[in-house]
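So you can see what is in the structure, the chains are spelled out below.
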Amino acid sequence: MFTKVLVANRGEIALRIIRACQELGIKSVAVYSDADAQAPHVREADEAVHIGPAASSESYLRGERIVEAAKQVGAEAIHPGYGFLSEREWFARLVRDSGLVFIGPPAEAIAAMGSKTSARQLAIKAGVPVVPGTTEPLRDAEEAAEIAKTFGYPILLKAAAGGGGKGMRVVREAKDLAASLDAAKREAKNAFGDDAVYVEKYIEGPRHVEIQIIADQHGTVLSLGERECSVQRRHQKMIEEAPSVAVSPELRRRMGETAVAAARAAGYVNAGTCEFLLDKNGDFYFLEMNTRLQVEHPVTELVTGIDLVQWQIRVAAGEKLPFPDEIQPRGWAIECRITSEDPANGFLPSTGRIEYLHLPAGPGVRWDGGVESGSTVGLHYDPMLAKLIVWAATRDQAVARMHRALKELTIVGIETSREFHLRVMEDAEFQRGDIEIQWLERRLPELVTPKAPRDSVRAAAIAAALLADRDRHTRRPGAAGANRGNGGASRVDAPLSGADAWVIAGRREGLR
Amino acid sequence: MKYIVDVNGERLEVDLDADGVRVDGAHVQAHLADVEGTPIQLVTIGSEMHRVAVRRGDARGRYALWMDGYRYEVEALDERMRTIRDLTNASAAASGPRPLVAPMPGLIVRVTVRPGDSVEAGQGLVVMEAMKMENELRTTTAGVVKNVLIQPGVAVEKGALLVEFE
């Protein structure tokens, strides 16, 4: 086993890995940018190395600097977390070539799964079902029509260089194909400077279901079951759960075997995730493999009882996996991503200082966070602050528990996704598990402009009147005491020195 | 003292006296207390307990409240202040819609309007990139675009003026 591990990440995941190290009796080393000198992950680690300015391109993405830091402090291994350098083949190679252990898959496996086309070819070779379609760009509408005939309409035209829905077109009938192909090519050319377009079968109303696998260096590859991640906004997962209401034990076994086959084909070691689309008929199609620890790994941990981060470290150190071939999930786990985004305002990033943080507690509640009271949330890094995860015996109980925990959670100072998650937990379709990957985009407008019950509105009006009345007695316009410490005031008064009382009063009243 | 309270667009009258409030024709005991060592307020209404997080707004009587799992934008003013505020709002409305400003620092990715364009309330005008995400900035009111002060590729600070209206 290692004696010292460097954690090449920040925020909640760095803290998660540091905690795993501590529990395994391994010394942990944090790295940090200028913006994170005071961050919780830095304080909790045994050692910390400064690696550069706030911009991630000059700090958390500087692989050479991070490897140098690891050598300097005598760490034997580097855990990359997720994001940043975690799926960079060159970094995995650099770590290995420097005589250190990369806690993750071999560089070759990252490369094999790195591009969607090579992953797809690898999957096809391993007998893994993929969405039927072409891997070569379409020549013209005639060729597209020929291919479409083999798997039927609707079909999806997709820019080779695409992403984020640009250059994508759904075609429902053959007669629309030529015009849609022209449009898709034009869009692709404009957006990416490359008009190569693929065609594939369009899967209607699919769920995003992924299989967690873990593999040791002795040939054991295990499936740890599925996670349902259909609640997504702009391809960004918001809520994940395990297991999935759409997966029977029989389907779980088949999907698990498929994921294991894909992992074996790539020569995979360590933790990884195969993402699938699951359609209404129970047919599933391989999308891609994420060659790293996932954000949503805790839901799998809670239903399997397996500490994935600890096992990543143990497997990297050469240990054998001691688990049975077939692992059945126990109970239900749900995760909500708490982000510094304002759901009521188009999910705009919210920045500022967290003045107060009250965390939920009680049975079955887990908080994987990277912020505290006093933390400053800026624009340098990902807006995900923390993950709130709950476990309960059944899905209904887990939804109720998440709702309860979200109500306890109090974050003062910045806007967060908390209220959005509360509304989802209250939603009848979500409660039934009636979700697919377009569900959130369709329901978002009503979920972010909720109608509070009349009693709650009345209570809010009373609270507002009581606050205004107290402020009336204690605050004088322009007085230094305007920002009273205990009043929940986050107001920062504009500098008004030199302005006379009329200007101050006028500004307060919005008279311009 | 009577307060006129706007909550998420709805107007309620709350009449405060020494030991409570009269609202919707019924009198209940109500009071406000600090939770020691936190910025949280405990609001008691009859026997109901409400934990409230408060952020003061940009003018007197305006607050954002986090309460009972909802976020409220409220404005609580006495009758005299309410009258003044309604008049200023009316004159502000007459002087045209508020300009679009950058809510955060970031990079302008797209501008979807030109001077002279008529826009509707809620229409997206500018797409900004911040935190590696594209964010659509929308106007809150309808109007006619007078000036576009930025172009794609420009980095702007928080509060920068982006689009002005007639």
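Draft legend 1. Here's a closer look at the overall build of chain B. What chain B contains, in helices and strands, is one helix and 16 strands. For 166 residues, the compact-globule estimate of 2.2 N^0.38 gives 15 Å, and the C-alpha radius of gyration of chain B, at 20 Å, exceeds that figure by more than 25%. If one aligns the C-alpha atoms of chain B with their principal axes, the spans along those axes are about 55 × 35 × 20 Å. Across the 166 residues of chain B, 34% fall into the buried class. Within chain B, counting contacts between residues at least 6 apart in sequence, those at least 24 apart form 41% of the total.

Draft legend 2. Spatial organisation of the overall build of chain A. Across its full length, chain A carries 17 helices and 22 strands. The C-alpha radius of gyration computed for chain A amounts to 25 Å, which stays within 12% of the reference 24 Å derived for 512 residues, consistent with globular compactness. Counting only C-alpha atoms and orienting by the principal axes, one finds that chain A spans roughly 75 × 65 × 50 Å. Evaluated residue by residue, chain A yields a buried proportion of 47% over its 512 residues. Pairs at least 24 residues apart make up 64% of the contacts formed inside chain A by residues separated by at least 6 positions.

Draft legend 3. Molecular detail of the interface of chain B and chain A. At the junction of the two partners, chain B supplies 53 residues and chain A supplies 41 residues. If you tally residues by element for the side of chain B that touches chain A, the top one is strand 6 (residues 48-56) of chain B, at seven residues.

Draft legend 4. How the structure looks around the sheet that holds strand 4 (residues 26-34) of chain B. In space, the eight strands of this closed barrel follow the order 1-2-3-4-5-6-7-8 (chain B), with antiparallel pairing throughout. Recorded for the sheet is a direction-independent mean angle of 35 degrees between the axes of neighbouring strands.

Draft legend 5. Representation of the domain arrangement of chain B within the structure. Here chain B is partitioned into domain 1 (2-94) and domain 2 (100-165). Between the C-alpha centres of domain 1 of chain B and domain 2 of chain B there is a distance of 32 Å.

Draft legend 6. Here's a closer look at the environment of A:Ile327. Residue and element names in this part refer to chain A. In this structure, isoleucine 327 sits in the loop between helix 11 (308-316) and strand 14 (332-339). Taking the C-alpha atoms as reference points, isoleucine 327 and valine 303, 24 residues apart in sequence, are found 9.8 Å from one another. In this view, isoleucine 327 contacts Leu224, Gly225 and Thr304; residues no more than four positions away in its chain are not counted.

Draft legend 7. Looking closely at the pairing of strand 21 (residues 384-392) of chain A. All names here are of chain A. The element strand 21 is largely enclosed, with a buried count of nine among its nine residues. The sheet contact formed by strand 14 and strand 21 spans eight bridges and is antiparallel. Bridge pairing in strand 21 places cysteine 336 opposite leucine 388. Bridge count between strand 19 (residues 365-369) and strand 21: five bridges; the pairing is antiparallel. Its bridge partner lying in strand 21, arginine 366 is registered against isoleucine 389.

Draft legend 8. Highlighting the packing of helix 12 (residues 395-408) of chain A against helix 13 (residues 418-425) of chain A. Residue and element names in this part refer to chain A. Where helix 12 contacts helix 13, the axes come no closer than 9 Å and their chain directions differ by 150 degrees. Taken together, the axis directions place helix 12 and helix 13 in an arrangement best described as roughly antiparallel. Two packed elements cross with a definite hand, and for helix 12 against helix 13 that hand is left-handed. Taking contact as the criterion, the partners of Val399, Met402, His403, Leu406 and Lys407 in helix 12 are, on helix 13, Arg418, His421, Leu422 and Met425. Grouping the amino acids of the contact of helix 12 with helix 13 by side-chain chemistry returns five nonpolar, two polar and two charged.

Draft legend 9. Region of the structure containing unusual backbone geometry. All names here are of chain A. Following tyrosine 153, the chain continues to proline 154 via a peptide bond in cis, the omega torsion being -5 degrees. As for its placement among the helices and strands, proline 154 is situated in the loop between helix 7 (141-151) and strand 6 (155-163). A cis geometry characterises the amide bond from alanine 242 onward to proline 243, with omega recorded as -5 degrees. You can see proline 243 is positioned in the loop between strand 11 (236-242) and helix 9 (249-265). Positive phi, normally seen in glycine, also occurs at histidine 235, with a value near 65 degrees.

Parameters at a glance
- Residues numbered from 1 in each chain as written.
- Chains lettered and ligands numbered in written order.
- Predicted model: local features only at pLDDT ≥ 70, side-chain atom pairs only at ≥ 80, totals over all residues.
- Helix = DSSP H or I, 4+ residues; strand = E, 2+ residues; numbered from the N terminus.
- Rg over C-alpha atoms; globule rule 2.2 N^0.38 Å.
- Buried ≥ 20, exposed ≤ 12 C-beta atoms within 10 Å, placed from the backbone.
- Contact = placed C-beta atoms within 7 Å.
- Pairing = 2+ DSSP bridges.
- Axes fitted to C-alpha atoms, helices over the stretch in contact; angles between N-to-C directions.
- Domains from an automatic or database assignment.
- Parallel < 35°, antiparallel > 145°, perpendicular 65-115°, else oblique.
- Left-handed = near helix turned anticlockwise from the far one by under 90°.
- Nonpolar A, V, L, I, M, F, W, Y, C, P; charged D, E, K, R; others polar.

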